[in-house]
Amino acid sequence: MRTLVLLLAAAGLLAAADADLILHNAKIVTVDARFSVRQAVAVKAGKIVRTGTDREVMAERGPRTEVIDLKGRTVLPGLIDAHVHALEAGLSEFRAPLPPLDSYAAIQAYIRAQARQTPKGKWIVVPRTFPTRLKEMRMPTRDTLDAATTDHPVMFDASYVVIANSLALQVSGITRDTPNPPGGEIVKDAKGEPNGILKNAQGLLKGLERADTFTEPERLQALEDQLKRYIAAGLTTVGDRANTLEQIELWRKLKAQGRLPIRAVLTWRPDGQRPEAELLAAIRSAPLKTNDGDDWLRIGTFKLTLDGGMTIGTAFQRYPYGAFGHQLYGKTDADDRGQLFIAPEKLRTVMEAARGRGWQLTTHDQGGGAVDTFLDALEALDKVTPIAPTRSHLMHASFQSPEAIARMKKIGLAADVQGHWLYYDGPALEKVFGHEGMRYFYPLRSYRNAGIVLAAGSDHMIGHDKNRAVNPYNPFFSLWVEVARRTSAGDVLYPEEKLTREEALKTHTIWAAWLQFGDRVKGSIEPGKLADLVVIDRDYLTCPEDEIRAIEPVMTILDGKVVWRR
Ligand SMILES: [Zn+2]
């Protein structure tokens, strides 16, 4: 008899009635093609084996099955954040927590506190902060930093733009006569003196010791800890969007040590400022390409950073930043449109080489000018071989236009969007570009009307807390902004661009999975797919709109195992 059972089991004939886990008495939002809602789900060997009514699914119950009565709670597919920077974020508070830096007073208090415990003459670095998110809505200058200390060189980090205090300029030998570096600018005040703002010119700072001096065990630990925080936020897959080859090795090491707590898809971003020949050689010799790896750790996209950031006035726009740009970004030229870091010819050549090696393509393209430049390059490639099968996409693409969206549709491009920036940066950007100028700012509805696939991501880069980080990686906050389009000032910015709740959920599930070539195995709750699920504390589909951002996960299930419980 025993032999018979084993034979039948081996033949799959006794597959029923031995699920590992059953969740029942629930509201299972499957995100299948018909957006079906079911009562129960059964899981076995890391896969979903059945969904249906409680009665149907209970048929999978065997003697060893763990059965969880969810008492009516909602279950979603495990959520995907298509865009994070996990290592950077993990390291940012690895040694000490960061205070919220939302005003000049907070920044100066941070510098003074650091100055008390830092030997005179040693550098102080203010963690990444954007002027669009400061109460003053004004780019700090050397004077802002000098007010806190003149005994230490200070660098204020706004990513592609940094601000140096007077001592930092002095020890770096930066004077009114220092020439601008290639592609960068030393911003001058009315008298022609450097005002401390360095655009894409951080390399001029001398003796700057950044906090990146972490040992490999520390880096692995910081990465692992951050990935566990993602799990606690209800995420089961992240797209990590700007890795060097060395960083990709670090991820592989984490996995080899059995310490990778979440599924990850890694973007390779070589330094696009390198000479073209070097970049081409790097692409030829890189021992990886899109879709290498497995369901836990996979190689994703080839990325170049094409322009700067809208939060610091260096995103390359179609039109000038104008008068308010002077205040917000410390601009001296009212006609300035931002910075394009890579010449169009070089972009096309490098992208063509990457495509030839089997890569999915993207660029960081914040401003409309950068969007158009990347579209030019991809259209040229598409003429030779259709680009659509590569699932290539725009990244950020904050400032869109109907023309650009039509071009995306024509050659089959998707978009990696950070809708929730609308909440944080919308009010400041509206002052820069005017209400009309914001018409196609994160135009999620326009994208959908064109049938364009949207993957949503937070661009989490600094801080550990899911709600206070830059940028917050709480996926329910992102879902809320996509459906509400409410800014931090309380206004609704172009309600005609809202998504429905169902569509918003897809940007963090099935569509994000599609962008990662993972839609066949995840992104919905359907038999055969990986058992990645999140149980939440209220009903996403019917709760009051304002409550969506307050939804909390109760349980995260990854690969069929309960990996986190509240
Ligand atoms: Zn990013």
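Residues numbered from 1 in each chain as written. Predicted model: local features only at pLDDT ≥ 70, side-chain atom pairs only at ≥ 80, totals over all residues. Heavy atoms only, no water.

Participant: I tried to follow the coordination of the zinc ion on my own but got confused; where do I start?
Facilitator: Note on metal sites: the ideal angle is 109.5 degrees for four tetrahedral donors, and 90 or 180 degrees for six octahedral donors. Looking at the metal site, the zinc ion is ligated by His83 (NE2), His85 (NE2) and Asp459 (OD), spaced 2.1 Å from it. Taken in chain order, the donor set of the zinc ion reads H-x1-H-x373-D. Of the two residues, His85 is situated in the loop between strand S8 (79-84) and helix H3 (86-92) and Asp459 in the loop between strand S20 (454-456) and helix H16 (475-484); the sequence distance between them amounts to 374 residues. By relative accessible area, His85 is classed as buried at 11%. Judged by its relative accessible area of 5%, Asp459 is buried. (Donors = N, O, S within 2.8 Å, 3.2 Å for Na, K, Ca; no water. Helix = DSSP H or I, 4+ residues; strand = E, 2+ residues; numbered from the N terminus. Buried < 20%, exposed > 50% of the residue type's maximum accessible area, 1.4 Å probe, protein only.)

Participant: Can you help me understand the nonpolar core in this one?
Facilitator: A general trend in soluble globular proteins is that nonpolar side chains are found buried together. Leu227, Phe302 and Tyr447 are the most contacted members of the largest nonpolar core, which has 120 residues in total. When residues of this core are assigned to domains, at least three fall in each of domain 1 (2-72) and domain 2 (81-86 + 214-306 + 341-558). Among all residues touching Leu227, those that are not within four sequence positions of it are Ala86, Val238, Trp251, Leu254, Leu260, Pro261 and Ile262. By size, the runner-up hydrophobic cluster in this structure holds 24 residues, among which are Phe130, Ala148, Val154 and Ala158. (Core = buried A, V, L, I, M, F, W, Y, C linked by side-chain atoms within 4.5 Å. Domains from an automatic or database assignment. Contact = heavy atoms within 4.5 Å.)

Participant: Could you clarify how one ought to interpret the sheet that holds strand S6 (residues 66-69) in this entry?
Facilitator: Backbone hydrogen bonds are what pair the strands of a sheet, in a parallel or an antiparallel way. Here we have 4 strands laid out as an open sheet, ordered S5-S4-S1-S6, and mixed in their pairing. Since the sheet does not close on itself, it has two edges, and those belong to strand S5 (47-52) and S6, each with one partner. Each strand axis lies, on average, 15° off the axis of its neighbour in the sheet, ignoring direction. In this sheet, strand S4 (residues 40-44) lies alongside strand S1 (residues 21-24) in antiparallel orientation, the contact comprising 3 bridges. Paired with Leu21 across the strands is Val43, a residue of S4. (Pairing = 2+ DSSP bridges. Axes fitted to C-alpha atoms, helices over the stretch in contact; angles between N-to-C directions.)

Participant: Can you help me understand empty space enclosed by the protein in this one?
Facilitator: In this approach the atoms are scanned with a rolling probe the size of a water molecule, which exposes any empty space left behind. The final tally for this structure, using the stated rule, is 1 cavity of 30 Å³ or more. Size it by volume and the largest cavity reaches roughly 70 Å³. Lining the largest cavity are Ala82, Gly239, Arg241, Val265, Thr267, Gly300, Thr301, Gln360, Leu515 and Gln516. Those elements that place two or more of their residues in the lining of the largest cavity are strand S14 (235-243), strand S15 (263-268) and strand S16 (297-305). Of the residues that constitute the lining of the largest cavity, the class distribution is 3 nonpolar, 6 polar and 1 charged. (1 Å grid on protein atoms, 1.4 Å probe; cavity = no way out; pocket = protein on both sides within 12 Å on 5 of 7 lines; lining within 4 Å. Points joined across faces, edges and corners; volume = space filled by probe spheres on them. Nonpolar A, V, L, I, M, F, W, Y, C, P; charged D, E, K, R; others polar.)

Participant: Would you mind showing me how to read the sheet that holds strand S17 (residues 360-365) here?
Facilitator: Spatially, S8-S14-S15-S16-S17-S18-S19-S20 is the arrangement adopted by the 8 strands of the open sheet, whose pairing is parallel. Looking at which strands have only one partner, the edges of the open sheet turn out to be S8 and S20. Averaged over all adjacent pairs, the angle separating strand axes in this sheet is 25°, with direction ignored. Sheet contacts for helix H8 (residues 245-256): S14, S15 and S16; angle to S14, the most-contacted strand, approximately 150°. Contacts from helix H12 (residues 368-384) reach S17 and strand S18 (393-396), with the element oriented near 160° to S17.

Participant: It is not clear to me how the pairing of strand S10 (residues 154-158) should be interpreted in this structure. Could you clarify?
Facilitator: The two faces of the sheet receive side chains in turn, since in a regular strand these alternate between them. Across the 5 residues that make up S10, a large majority, 5, are buried. Judged by which residues are buried, S10 turns out to be covered on both faces: Val154, Phe156 and Ala158 on one side and Met155 and Asp157 on the other are all buried. In the sheet, strand S9 (residues 124-126) pairs with S10 via 3 bridges, with the strands oriented parallel. Bridge pairing in S10 places Ile124 opposite Val154.

Participant: Is there a simple way to explain the pairing of strand S19 (residues 414-417) in this structure?
Facilitator: With burial as the criterion, each face of S19 is covered, one bearing Ala414 and Asp416 and the other bearing Ala415 and Val417. Of the pairings in the sheet, the one linking S18 to S19 comprises 3 bridges and is parallel in character. Residue pairing in the sheet places Leu394 in a bridge with Ala415 of S19. Handedness of the crossover joining S18 and S19 through helix H13 (residues 402-411): right-handed. (Right-handed = clockwise from strand over helix to strand, strands pointing away.)

Participant: Where do I start with the packing of aromatic side chains in this structure?
Facilitator: What characterises a pair of aromatic rings is the spacing of the ring centres plus the angle enclosed by the ring planes. Evaluated as defined, the whole model comprises 17 aromatic pairs. Ring centres of Tyr319 and Phe433 lie 5.6 Å apart, and the angle between their planes is 70°; on these two criteria the pair is classed as edge-to-face. Placement of the pair is Tyr319 in the loop between S16 and helix H10 (322-329) and Phe433 in helix H14 (residues 421-437), with a sequence separation of 114 residues. Taken together, a centroid distance of 5.2 Å and an interplanar angle of 55° make the contact between Phe399 and Phe441 tilted. On the criterion of sequence distance, the pair formed by Phe399 in the loop between S18 and H13 and Phe441 in the loop between H14 and helix H15 (444-449) is long-range, its members being 42 residues apart. (Phe/Tyr/Trp six-rings, centres within 6.5 Å; stacked < 30°, edge-to-face > 60°.)

Participant: Teacher, can you tell me more about H14 here?
Facilitator: Look at H14: only 16 Å from first C-alpha to last across 17 residues, short of the 24 Å you get at 1.5 Å a residue. Maximum bend of H14: about 90°, positioned at Lys431. The complete set of buried residues in H14 reads Trp421, Leu422, Tyr423, Asp425, Gly426, Pro427, Ala428, Leu429, Val432, Phe433 and Gly437. Residues of H14 that are buried make contact with H10, S18 and H16. (Expected span 1.5 Å × (residues − 1). Bend = angle between axes of the 7 residues up to and from the residue.)

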